[in-house]
Amino acid sequence: MSELTVTVGPQHPGSGHFALIVKLDGDKIVEVIPDPGYVHRGDEKVSENKNYIQNIPHFERPAILDASNMLFPYVHAVEDLMKLEVPVRGQYIRVIMAELNRIISHLYYFAIYGIFVGHSTMFMWPVADREHFIDLAQMISGQRVGFAFLLPGGVRNDIPEAVKERANEACNYFEKRLIEYERIFMNNPIFEKRAKGMGILSKEDAIKLGVVGPTLRASGIKSDIRKDEPYAVYDKLDFEIPVSKDGDSWARAWIHIEEMRQSMSIIKQALKDIPSGPVKLNLRGQVRPPPGETFTRAESSRGAVSFYLISNGGMTPYRLRMITPSFRNLRAISHITKGLLLADLPPAFWSLDYWPVEADR
Amino acid sequence: MSETPKIKHEPPKREKKIADNITVKLRKDILEIEIKPKRIKVKVKPESIKKAANFFKNKLNIDHVASVSGIDYPNDNEIEIVYHTGTYKHKDLSDLVIALAFRISRETPKTPSLTEIWPSTEFDERETYEMLGVIFEGHPKLEKLFLPEDWDDIPPLRKDFKNPRR
Amino acid sequence: MVNGATSNVFTGKLNQILEYSAKAPLRYIINWGRIYSLWPVHLETACCSVEWGAVSGPRFDVERWGMLGAFGAMRQCDVLIILGTVNRKMAPRVKTIYDQMPEPRYVIAFGACSVSGGLYFDSYNVLPGVDTILPVDIYMSGCPPRPEQLLQALIMLQNKIRASKIRSKKYVRNTEN
């Protein structure tokens with residue numbers, strides 16, 4: 001019996017700075033202790049010095065891949081305190097941006113999964129296919145990532161006419177590509193051997209640890225904020241929530257693929273049903289909520305993101321707490337890696353879709 | 001959270017029923033209850049936090065905690081700690097968030113840890129410890145989580161923390 | 001007639017001829033090898049790293065210029081691209097990574113946060129720019145910069161290397177505590 005403690009990280013060929021302290025017995029993992037904090041930027045303290053409009057690009061940056069999903073609960077919190085009603089066309093455009101962001105983020109997940117498993121085609125293909133959706137986002141908002149597109153009271157500008165046709169082309173192309181992804185990656189015998197049956201999170205543990213997102217849905221619990229507590233126009237759209245009972249890394253990856261299919265269906269429906277009208281309220285720059293507090297949540301691509309806003313009537317928030325899905329899934333890392341070999345640690349760890357910048361804020 | 005909360009003069013029925021249940025069972029420990037659509041906030045006395053938490057878990061079937069937040073009120077000389085809880089098992093309560101709040105003194109902020117009741121609070125309590133200086137008694141590993149190892153200033157989220165770069 | 005004065009001129013001219021014929025092509029060849037095989041360290045710090053992922057992809061293919069994403073040890077890498085915010089817990093580790101790289105090594109500060117602190121300039125935990133701990137060759141600002149700007153930074157670095165000597169000592173500042 002030889003015990004060894006190895007520090008994996010903070011610089012590692014994966015994504016983000018995050019260290020794992022791994023206690024080994026030979027090659028078998030005994031315990032994994034996460035060590036976050038290498039990208040802690042003090043978001044909550046910095047937000048107290050910025051006014052409510054300056055906080056918009058600030059709160060996109062933790063998970064810049066799905067910027068619009070991160071901003072949803074923030075604008076809802078401000079609108080809740082100020083009792084604003086957003087025009088319906090603005091809400092439809094918000095949903096379109098949110099689902100585009102979801103596809104972009106899930107494709108990046110598969111790209112990095114390819115690197116971790118050693119499948120370099122799976123890195124190149126998602127990165128290339130992402131560009132189609134980033135082009136769409138660029139047509140709508142003008143930026144590739146980090147759009148700052150959602151405002152309290154609506155969205156920044158209207159969508160151009162050509163978006164509808166371009167979006168339908170991109171979705172039709174990508175639906176055929178997803179079948180190829182399943183063939184080369186999900187049903188690839190090497191990936192199946194590395195991911196099926198590995199990193200199992202049971203249903204009881206998932207509930208007890210309070211995890212969110214695809215990690216929760218892969219363990220058999222059907223919970224999604226878009227269905228539990230519908231916001232924007234999600235109650236008018238028709239989509240399903242994929243759930244799996246296995247709880248292993250393969251199931252978590254499979255849920256990402258199914259969610260991309262549902263997102264494309266939502267985008268097509270939203271572009272068909274969108275009414276005409278204004279896209280934002282004219283607040284004349286006066287965004288100053290009265291004193292009060294509120295707790296709002298939304299479903300981002302990694303799970304449920306929540307904002308707890310306490311305002312004392314000033315120009316800047318008194319306290320603004322952001323609870324991100326990666327921070328809530330941090331608790332699951334030690335559970336799913338017990339008993340694995342050291343070489344199986346990267347795929348099991350990445351299947352949780354842990355984004356260090358979001359967890360550290 | 002719906003984007004158009006109408007100003008209700010009558011509190012919503014389901015939330016009122018749950019709030020009445022809590023008031024009946026935990027009579028003297030409660031200071032105040034606020035009811036909004038899909039959100040209930042229960043303010044308890046700091047000594048009875050464990051009793052309230054056990055009641056939430058066993059009788060109301062709250063099975064996880066979404067977050068632990070700490071807010072510094074230097075004017076009242078108090079720190080308020082809020083546990084936002086939820087349930088996954090009961091489908092008809094899945095959109096309800098019940099907040100359990102209490103206030104402790106700012107000079108000696110001490111409170112019992114709830115990790116035995118809800119294991120999902122482990123990392124959140126560590127973060128509140130390093131950001132606000134609150135000591136959670138009974139926590140399995142109360143150490144720094146995010147701040148650098150050689151941090152020697154007061155906890156940063158306190159209102160009297162002087163930011164050296166501003 | 002070879003006497004003292006003319007032999008000095010003769011050796012002076014010979015030195016010049018040798019320099020033009022051997023040293024300059026030698027420098028050209030060595031720099032040519034360095035320019036088209038810059039291997040970066042895989043240091044994906046924060047938000048800007050998604051643009052690094054896009055740059056390594058098929059559309060903005062950076063491998064055309066020889067910058068392979070070689071996930072080897074740091075002893076094999078030439079260039080350190082700081083993609084994002086460097087905070088106080090990570091700063092000693094970034095310095096350790098820089099120290100492990102063999103000479104000649106270059107640093108590109110990519111993104112507003114590594115140039116000057118960016119959006120988080122007034123945070124208690126963020127360094128005001130990575131040039132407080134490392135000597136930076138190329139600064140590229142943006143939040144995040146477009147992938148084409150990363151290619152521009154690469155070409156600027158290549159021009160800088162093309163004009164430099166074979167052996168150049170870098171001035172390394174002390175680590176900030």
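Residues numbered from 1 in each chain as written. Chains lettered and ligands numbered in written order. Predicted model: local features only at pLDDT ≥ 70, side-chain atom pairs only at ≥ 80, totals over all residues.

Peer 1: Looking at this structure, how should I read the overall build of chain B?
Peer 2: From N to C terminus, chain B includes three helices and seven strands. Scanning chain B from its N terminus toward the C terminus, one meets helices and strands in the order α-β-β-α-β-β-β-β-α-β. In terms of overall size, chain B behaves like a compact globule, its C-alpha atoms giving a radius of gyration of 17 Å where 166 residues would be expected to give roughly 15 Å. Taking the principal axes of its C-alpha atoms as reference, chain B extends roughly 50 × 35 × 30 Å. Within chain B, the fraction of its 166 residues that count as buried is 35%. (Helix = DSSP H or I, 4+ residues; strand = E, 2+ residues; numbered from the N terminus. Rg over C-alpha atoms; globule rule 2.2 N^0.38 Å. Buried ≥ 20, exposed ≤ 12 C-beta atoms within 10 Å, placed from the backbone.)

Peer 1: Got a minute to help me understand the interface of chain C and chain B in this structure?
Peer 2: Quite often, the size of an interface is put as the accessible area lost when its parts meet. With six residues of chain C at the contact, the number on the chain B side is six residues. Residues of the side of chain C that touches chain B, tallied by class, amount to two nonpolar, one polar and three charged. (Contact = placed C-beta atoms within 7 Å. Nonpolar A, V, L, I, M, F, W, Y, C, P; charged D, E, K, R; others polar.)

Peer 1: Please clarify how the nonpolar core should be interpreted in this entry.
Peer 2: Soluble globular proteins tend to pack their nonpolar side chains together in the buried interior. Leu 71, Leu 100 and Tyr 113 of chain A, Leu 100 of chain B together with Ile 82, Ile 108 and Phe 110 of chain C are the most contacted members of the largest nonpolar core, which totals 189 residues. The greatest single-element share of this core, amounting to 19 residues, is contributed by helix H4 (residues 88-117) of chain A. Not counting the four nearest positions on each side in its chain, Leu 71 of chain A is found in contact with Ile 56, Phe 59, Glu 60 and Leu 150 of chain A. (Core = buried A, V, L, I, M, F, W, Y, C linked by C-beta atoms within 7 Å.)

Peer 1: Hey, could you run me through the sheet that holds strand E8 (residues 319-323) of chain A in this one?
Peer 2: In a beta sheet, neighbouring strands are held together by backbone hydrogen bonds and run either parallel or antiparallel to one another. All names here are of chain A. Pairing in this open sheet of three strands is antiparallel, and the strands run E6-E7-E8 from one edge to the other. Two strands bound the open sheet, and with one partner strand each, they are strand E6 (292-300) and E8. On average, each strand axis in the sheet is tilted by 10° relative to the strand beside it, whichever way the strands run. Contacts between helix H3 (residues 67-82) and the sheet are confined to E6 and strand E7 (303-311), with E6 contributing the most and set at about 155° to the helix. (Pairing = 2+ DSSP bridges. Axes fitted to C-alpha atoms, helices over the stretch in contact; angles between N-to-C directions.)

Peer 1: Which parts of the structure should I look at to understand the packing of H4 of chain A against helix H11 (residues 249-273) of chain A?
Peer 2: Any two packed helices are characterised by how steeply their axes cross, that is the angle between the axes, and by the distance between the axes. Residues and elements named next belong to chain A. Their axes nearest at 9 Å, the elements H4 and H11 cross at an angle of 155°. In terms of their interaxial angle, H4 and H11 are classed as roughly antiparallel. When you trace H4 past H11, the crossing you get is left-handed. In this structure, H4 contributes Tyr 92, Val 95, Ile 96, Glu 99, Leu 100, Arg 102, Ile 103, His 106, Tyr 109 and Tyr 113 to the contact, and H11 contributes Ala 253, His 256, Glu 259, Met 260, Ser 263, Ile 266, Ile 267, Ala 270 and Leu 271. (Parallel < 35°, antiparallel > 145°, perpendicular 65-115°, else oblique. Left-handed = near helix turned anticlockwise from the far one by under 90°.)

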